[in-house]
Amino acid sequence: MAGAMSGRVVRWRSLAAAVLVALTTAGCGINNVPTLQERAKAAWAEVQNQYQRRADLIPNLVETVKGYAKQESDVLTQVTEARAKATSIKVDASTITDPAKFKEFQAAQSQLSGALGRLIATVEAYPDLKSNQNFLALQSQLEGTENRIAVARRDYIGTVQAFNTEVTTIPGRWIAAIFYPSAKPMETFSATEGADRPPSVKF
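Treat the numbers as computed from the prediction; the structure is a model and nothing was measured.

Turning to the side chain of Gln37, a few remarks are in order. Following the sequence through the fold, Gln37 ends up in helix α2 (residues 32-68). The contacts of Gln37, once residues within four sequence positions are left out, are Phe163, Ala183 and Met186.

A word on the nonpolar core. In terms of nonpolar packing, the biggest core is built from 45 residues, with Trp44, Leu61, Val65, Tyr156 and Phe189 touching the most fellow members. Sorting the residues of this core by element identifies α2, α3 (73-88), α4 (99-122) and α6 (133-168) as the ones contributing at least two each. The element contributing the most residues to this core is α2, with 12 residues. Residues in contact with Leu61, not counting those within four places in the same chain, are Leu116, Leu119, Phe135, Leu138 and Leu142.

Pairing between side chains becomes possible if they bear opposite charge and their charged atoms approach one another. Tallied over the entire structure, the rule returns 5 salt bridges. A salt bridge links Lys66 to Glu63, with the nearest nitrogen and oxygen atoms 3.2 Å apart. With Lys66 and Glu63 both in helix α2 and 3 residues apart, this pair spans about one turn of that helix. By relative accessible area, Lys66 is classed as partly exposed at 33%. Where Lys130 meets Glu124, a salt bridge forms, and the shortest distance between an N and an O atom there is 3.1 Å. Given the relative accessible area of 27%, Lys130 is considered partly exposed.

Let's shift gears to the environment of Glu143. Tracing the backbone through its elements, the reader meets Glu143 in helix α6. Looking at Glu143, the relative accessible area reads 21%, which means it is partly exposed. On a C-alpha basis, the gap between Glu143 and Arg54 in space is 9.7 Å, while along the polypeptide they are 89 residues apart.

To continue, consider α2. Residue pairs three or four apart in sequence face the same way in an α-helix, which turns once every 3.6 residues. Here α2 spans 55 Å end to end across 37 residues, near enough to the 54 Å set by a 1.5 Å rise per residue. At Ile58, α2 is deflected by roughly 30°, the largest bend along its length, and proline Pro59 occurs up to four residues later in sequence.

Conventions we followed
Residues numbered from 1 in each chain as written. Predicted model: local features only at pLDDT ≥ 70, side-chain atom pairs only at ≥ 80, totals over all residues. Heavy atoms only, no water. Helix = DSSP H or I, 4+ residues; strand = E, 2+ residues; numbered from the N terminus. Contact = heavy atoms within 4.5 Å. Core = buried A, V, L, I, M, F, W, Y, C linked by side-chain atoms within 4.5 Å. Buried < 20%, exposed > 50% of the residue type's maximum accessible area, 1.4 Å probe, protein only. Salt bridge = Lys/Arg side-chain N within 4 Å of Asp/Glu carboxyl O. Expected span 1.5 Å × (residues − 1). Bend = angle between axes of the 7 residues up to and from the residue.

Now the structure itself:
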């Protein structure tokens, strides 16, 4: 009995010593995990905000193009359907640790970008559309939004890299395991050619 009690005391002392070592090694770093986590979540919210901004521009863009190029119904339908799919996939701050959900979100946004690219390419055949004031205003807004998306993605990637490094290296990994067991590495955008540049939306 005394031996079992002594064994438990030794184990508790070992655990306490491990915690003390982790805290001593980390200094004031005990708050690093939640701080970096919140930064990454805020950066993700901005990514979503900019993608939503783009989605909100698309109906007006489609209607404007339709007024001049009704015969491009296939392209217009592709954009409309891609927008519907992209906006139906929600990856909030609580699910950005889910690789499958994140991959689905990225694929839908990429599909929408491709459909927009095809729509934009058709505009070259319609000089009157290219000079339409409403269309020119939408062009400017879309260009600005694509730039904001690129910046938001870059910032998100940076904050996730910092967070993931913290929760997978020592002493951050120890601190996360002991005090923040729900803190899991987050997903980020996979690199694609030209990902560091916003898509061209020149008309």
